[in-house]
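What the coordinates show
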Amino acid sequence: MLSKDELKSKVCQEIDNKSEEIIGVATAVLNSPETGFREVKTSRLVTQKFTELGISYRDGLAITGVKGMVHGGTDGPTVAILAELDSLLVPNHPKADPKTGAAHACGHHAQIGMLFGVAAALIGAGILPFLAGKVVFMAVPAEEYIELEFRNSLRKQGKLSFLGGKAELIKLGEFDDVDMAMMTHTATPETKKLALGGTSNGSVAKQIQFVGRRAHAGGAPHQGINALNAAMLALSAIHAQRETFRDDDAIRVHPIITYGGEAVNVVPADVRMETFVRGKTIEAIKNANCKVDRALRAGAMAMGAKVRITTLPGYLPMSNDANVQKLYRANAISLVGEKELDRPRHGSASTDMGDVSHIMPAIHPLAGGVVGTIHSHDYLVENYETAVLNPAKAMAMTVIDLLADNAAKGKEVLAKSKPRMTKQEYLDFMESLLTEEDYES
């Protein structure tokens, strides 16, 4: 019987042996970026790699998701390793698709490399017989909450219930056989080699349409109702609310106008906006969302316009399981040293890993090795050992901690875990966030 340390040494050596192939998977995804629920090529690459490793899988989950599973030597808990398939839209990124503008300006390509690295190491090192339980490898679509009009059209067609990948997979029951989950995201250039995951904001998303009346903008503007002016007044009213947001709630509201009118000589009668409302807690999000709705109505009222406000469930705040994180921390220190391990912080961005963390023990550590500004044209992985290989090792070692020794640690984590919501409570809450309001002054 091999010790945990011997098992960990074997998986780390296997990742080193396969480092070129692991990094090659990440760079292949980098060179073929696809946005959420369109990740056809990326999904196909994952299934190809699963086939090469002999992993049984199902694909087409939540349109493009893939789920593979391997079995340990005996029964025990199931640990999921997650990775995100999708990219952003950053047309001036050096690796952007020239046709679509899609680009991996958030490092999700590194996650696919990590996913393959963990799978290849656990299988190639021959350690599965020493584990009690199962390991799920899940490639998840659509973490970046973008292209709302496209995604909402999929919802209206009945192809989706939720606009984020993990929420949809929870709804479909793909997490029903998972007990614990983890994934690693690349972070900012200031991040050390590895970082313990902290908390993050949750969010709701909003689609807004102001409806006015067309008229000749030069000859008879008095006969029109300017929907663009209504939108601009609403934006000003949102800005006026910012001083009412408590610092401790980490509120973020960042609207954009996606359609501003048909022609310069026509009074705009159809103006559309999108925004997120983010916050550290569910109550803070609800409070800020109410203020945003008031501001939107105020803009419509001032101009005598109409406004349609569609609020869509976004993501829940992230919370890392302390017991799994303790195991991960020891492994990270053994790899990079304590000086290269960052402490947990609160992040004002949002991730649908927060949804997973509400229904089961989950961790979301971070990795360095990048340059540039995240979600911008200059965000690139500079060091693939730091951004892909080290995180893959740390997660594989943590799987061993959870499932070796007859899964004693994994069972202990589950015994101590108190999920914030059951699956049904989660689904009921998410569905309650979906609202549509037509306001006419």
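Remember, predicted model here, so these are calculated numbers, not experimental data. (Residues numbered from 1 in each chain as written. Predicted model: local features only at pLDDT ≥ 70, side-chain atom pairs only at ≥ 80, totals over all residues. Heavy atoms only, no water.)

Comments concerning the sheet that holds strand S8 (residues 185-186)
Quick reminder of the rule: Two strands form a pair only when DSSP identifies at least two bridges running between them. The way it works is that DSSP assigns letters per residue, a run of H or I at least four long becomes a helix, a run of E at least two long becomes a strand, and they are numbered from the N terminus.
Across the sheet, four strands lie side by side as S8-S17-S9-S15; this open sheet has mixed pairing. Strands with a single pairing partner mark the edges of an open sheet, and in this sheet they are S8 and strand S15 (341-342). Pairing of strand S9 (residues 194-195) with S15 involves two bridges; the strand directions are parallel. Note that in S15 the partner of leucine 194 across the bridge is leucine 341.

Description of the side chain of glutamine 241
Heads up, the rule is: Whether two residues are in contact is decided by their heavy atoms: any pair within 4.5 Å suffices.
Among the structural elements, glutamine 241 can be located in helix H7 (residues 227-241). Beyond its immediate sequence surroundings of up to four residues, glutamine 241 is in contact with Lys291 and Arg294.

Considering the sheet that holds strand S1 (residues 56-61)
Strand pairs in the sheet, formed through backbone hydrogen bonds, run parallel or antiparallel to each other. Operational definition: Inter-axis angles, ranging from 0 to 180 degrees, are taken between N-to-C directions of lines fitted to C-alpha atoms, where helices are fitted over the stretch in contact.
With mixed pairing, the six strands of this open sheet are ordered in space as S1-S2-S6-S3-S7-S16. A single partner strand is all that each edge strand has here, and the edge strands are S1 and strand S16 (362-363). Each of strand S2 (65-71), strand S3 (74-84) and strand S6 (132-140) is contacted by helix H4 (residues 108-124), which is oriented at about 155 degrees to S3, the strand it contacts most.

Notes on the pattern of salt bridges
Note the cut-off: In what follows, salt bridge is the name for a side-chain nitrogen of Lys or Arg lying within 4 Å of a carboxyl oxygen of Asp or Glu. When accessible area is computed with a 1.4 Å probe and restricted to protein chains, residues below 20% of their type maximum are described as buried, those above 50% as exposed, and intermediate ones as partly exposed.
Following the criterion strictly, the structure yields 27 salt bridges and no others. In this structure, aspartate 16 and lysine 393 form a salt bridge, with 2.7 Å as the shortest nitrogen-oxygen distance. Separated by 377 residues along the polypeptide, aspartate 16 in helix H1 (residues 4-17) and lysine 393 in helix H11 (residues 384-416) bring together distant segments of the chain. Under the relative-accessibility criterion, aspartate 16 is labelled partly exposed at 36%. Exposure remark for lysine 393: the relative accessible area of 8% places this residue in the buried category. Each of Lys4, Lys8, Asp401 and Asp405 takes part in a single network of salt bridges with overlapping partners.

Things to note about the packing of aromatic side chains
Selection criterion: Pairing of aromatic rings covers Phe, Tyr and the six-membered ring of Trp, with a centre-to-centre limit of 6.5 Å; geometry is then stacked below 30 degrees between planes, edge-to-face above 60, and tilted otherwise. Either the NZ atom of lysine or the CZ atom of arginine qualifies as a charge over a ring when it sits within 6 Å of the ring centre and within 35 degrees of the ring normal.
Evaluation of the coordinates by the stated rule reveals four aromatic pairs. Considering the side-chain rings of phenylalanine 50 and tyrosine 57, the 6.3 Å spacing of their centres and the 55 degrees angle between planes classify their relative orientation as tilted. When its relative accessible area of 2% is taken as the criterion, phenylalanine 50 is described as buried. Residue classification places tyrosine 57 among the partly exposed positions, given a relative accessible area of 32%. Linked through ring pairs, Phe50, Tyr57 and Phe137 together constitute an aromatic cluster. We note arginine 38 situated over the ring of phenylalanine 150; from NZ or CZ to the ring centre the distance is 3.7 Å. The lysine or arginine in question, arginine 272, covers the ring of tyrosine 259, its NZ or CZ lying 5.8 Å from the ring centre.

A short note on the nonpolar core
Defined as follows: Residues belong to one nonpolar core when they are buried, are Ala, Val, Leu, Ile, Met, Phe, Trp, Tyr or Cys, and are joined through side-chain atoms within 4.5 Å.
Residues Val11, Ile81, Leu122, Phe137, Val388 and Val399 are the most contacted members of the largest nonpolar core, which totals 69 residues. Not counting residues within four places of it along the chain, the set of residues in contact with phenylalanine 137 comprises Phe50, Ile55, Val66, Lys67, Gly68, Val70, Ile81, Leu115, Val118, Ala119 and Leu122. Grouped together as the second largest cluster of nonpolar side chains are 60 residues, Ala62, Ala181, Leu296 and Tyr439 included.

Quick word on helix H8 (residues 282-303)
Counting along an α-helix, one turn takes 3.6 residues, and residues three or four places apart therefore face a common direction. The criterion, for reference: Helix span, expected: 1.5 Å multiplied by one less than the number of residues in the helix.
Here H8 is 22 residues long and its end C-alpha atoms lie 32 Å apart, about the 32 Å a rise of 1.5 Å per residue gives. Next to the buried residues of H8 lie strand S10 (202-211), H7, strand S11 (252-253), strand S13 (270-279), strand S14 (306-313) and strand S20 (435-440). Positive backbone phi, approximately 70 degrees, marks glycine 304, located one or two places after H8.

Remarks on the packing of H1 against H4
The cut-off we apply is this: Any angle that is under 35 degrees is reported as roughly parallel, and any over 145 degrees as roughly antiparallel; angles of 65 to 115 degrees are reported as roughly perpendicular and all others as oblique. Each helix crossing is assigned a hand: it is left-handed if the near helix lies turned anticlockwise from the far helix by less than a right angle, otherwise right-handed if that turn is clockwise. Under the convention adopted here, Pro, Cys and the residues Ala, Val, Leu, Ile, Met, Phe, Trp and Tyr are nonpolar, Asp, Glu, Lys and Arg are charged, and Gly plus all remaining residues are polar.
Contact geometry for H1 and H4: axes closest at 8 Å, N-to-C directions at 120 degrees. When the axis of H1 is compared with that of H4, the two are oblique. As for how H1 packs across H4, the hand of that crossing is right-handed. Packed against H1, whose contacting residues are Val11, Glu14 and Ile15, the element H4 presents Gly117, Ala120, Ala121, Leu122 and Gly124 at the interface. Its residues placed into classes, the contact of H1 with H4 shows five nonpolar, two polar and one charged.

Here's the deal with helix H12 (residues 423-433)
The cut-off we apply is this: Throughout, the arc means the angular range of directions from the helix axis out to the C-beta atoms.
For H12, the complete set of buried residues consists of Tyr426, Leu427, Phe429, Met430 and Leu433. Buried residues of H12 fall within an arc of 165 degrees about the axis and therefore sit on the same side. In this structure, the buried side of H12 is in contact with helix H6 (165-171), S10, H8, S14, helix H10 (353-359) and S20.

Here's the deal with the environment of leucine 233
Summarising the element assignment, leucine 233 is placed in helix H7. A sequence separation of 157 residues divides leucine 233 from asparagine 390, and the C-alpha atoms of the two residues are 49 Å apart. Not counting residues within four places of it along the chain, the set of residues in contact with leucine 233 comprises Gly299, Ala302 and Met303.

A short note on the pairing of S10
Within S10, eight of the 10 residues are buried, which leaves the element mostly enclosed by the surrounding structure. With 10 bridges joining them, S10 and S13 adopt antiparallel strand pairing. Its bridge partner being in S13, valine 211 is matched across the sheet by aspartate 270. Relative to S14, S10 is paired through eight bridges, and the arrangement is antiparallel. Of the residues in S14, the one forming a bridge with lysine 206 is threonine 311.

Side note on the environment of aspartate 5
Along the chain, aspartate 5 falls in helix H1. Residue classification places aspartate 5 among the exposed residues on the basis of a relative accessible area of 60%. Spatially, the C-alpha atoms of aspartate 5 and glutamate 168 are 37 Å apart, while their sequence positions differ by 163 residues.

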